[in-house]
Amino acid sequence: QQQQQQQPEQKKDNSKKKSGQEQKQFELPVSEKTRAEEQQDVMKLLSQRYQEHASLFMDSLSTQVRNRVEQLQKLQKEQSALAQEREKKILEIRLQYEAKQQPLYKNRRAIVVGNESEGADRGIPQFWTTALQRHPEIAEMISEDDKDCLNYLQDIRSSILKDKKGFSLEFEFATNPYFTNQVLTKSYEMGEDDDMLEKCVGCQINWKPNKNLTRKIVEKKKGKGAQAKVVKKEEPCESFFCFFSPPAIPEAGGDEEEDYEIAEIIEADFEMGVLIKQVLMNAVEWYDGSALAKLMEGSDDEDDEDEDDE
């Protein structure tokens, strides 16, 4: 009986050792690596394993079927080459028409900003503040304190990224009492093989003392009774200018719930960048309100379609 009891125990020990050995085969060497580097190592390891699996699968096929699959693979390569060629042509056309639009945007800026010869009644005051506030979703981002700062906004520009898929935004400001930057920037980089957002880059705003619109001073009582003291504490607050400090895109392997929340914020941030780009392309229509009328008309059409579907 003792021998029979020892045998299962030995088998358990052997199975533990075996599973431990198998696990070690896929463990990465412990070293001082950043999270990004560790993630790259994991992805490389997974890529190797999937490639091995694909090779084994192809070997398991009959010669006739494998030959047909190889023909499909050849067609896929030709299709991928055409898709890359198409994307390249589209980028060339976009860059071509973007260059043609630049003189028009420069003329628009000149009219909005005005010149000294016009005196105090120069340009179009609060042009960009009004245009941005007309859009219902962008207006939600603009606080009362933001409005005065946005009145110094002279131009908003957009450009296509040349080295990667995506676009950038530039906000040009006149000298103002809030920050020293002349231009604030935001850029979005997309994946080469899809339209998934890969990178979102803002900029540092050099706020002047006590002028940071993304922070607020809150007074809190500390202690009880006669010994209680009022303590001033700085806290973040909602502001249009938070747009220039987006959260980093989460990497795989982190806390799923936290990463999901950040992903939602980033998605909303990207949508806001697209909306701002749409406003700057039709700025005068947003300024005079006609774009909002068109937006409402489009919304009515969608509602009608939904009713028809029902």
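Criteria and thresholds
Residues numbered from 1 in each chain as written. Predicted model: local features only at pLDDT ≥ 70, side-chain atom pairs only at ≥ 80, totals over all residues. Heavy atoms only, no water. Helix = DSSP H or I, 4+ residues; strand = E, 2+ residues; numbered from the N terminus. Contact = heavy atoms within 4.5 Å. Areas by Shrake-Rupley, 256 points an atom, 1.4 Å probe, with all protein chains shown as cover. 1 Å grid on protein atoms, 1.4 Å probe; cavity = no way out; pocket = protein on both sides within 12 Å on 5 of 7 lines; lining within 4 Å. Points joined across faces, edges and corners; volume = space filled by probe spheres on them. Nonpolar A, V, L, I, M, F, W, Y, C, P; charged D, E, K, R; others polar. Buried < 20%, exposed > 50% of the residue type's maximum accessible area, 1.4 Å probe, protein only. Pairing = 2+ DSSP bridges. Polar contact = N/O pair within 3.5 Å; in protein donor to acceptor, adjacent residues only side chain to side chain.

Student: Sorry if this is basic, but what is going on with the overall build of the chain here?
Tutor: Assigned secondary structure in the chain consists of nine helices and six strands. Restricting to contacts in the chain with at least 6 residues of sequence separation, those with at least 24 account for 53%. As displayed, the chain has an accessible area near 23100 Å², and 49% of this comes from carbon and sulfur atoms.

Student: Please clarify how the layout of surface pockets should be interpreted in this entry.
Tutor: What the largest pocket holds in volume is close to 830 Å³. In terms of lining, the largest pocket is formed by 31 residues, of which the most central are Glu87, Leu91, Arg94, Lys165 and Gly166. Those elements giving two or more residues to the lining of the largest pocket turn out to be α3 (63-113), β1 (153-160), β2 (166-173) and α7 (256-281). For the lining of the largest pocket, the element with the highest residue contribution is α3, accounting for 13 residues. Counted by class, the lining of the largest pocket contains 12 nonpolar, six polar and 13 charged residues.

Student: Any chance you could explain the pairing of β1 here in plain terms?
Tutor: Each regular strand displays side chains that alternate between the two surfaces of the sheet. Counting buried residues along β1, six of its eight residues qualify, which places the element largely inside the surrounding structure. Where β1 and β2 come together, seven bridges link them in antiparallel fashion. Residue pairing in the sheet places Ser158 in a bridge with Leu169 of β2. Hairpin connection from β1 to β2: five residues lie between these consecutive antiparallel strands.

Student: How do you make sense of the side chain of Glu189 when you look at a structure like this?
Tutor: Inspection of the secondary structure puts Glu189 in strand β3 (residues 183-190). Judged by relative accessible area, which is 16%, Glu189 ranks as buried. At a separation of 3.5 Å, a polar atom in the side chain of Glu189 contacts the side chain of Lys164. If sequence neighbours within four positions are ignored, Glu189 has contacts with Leu161, Lys164, Lys165, Met196, Leu197, Glu198 and Lys199.

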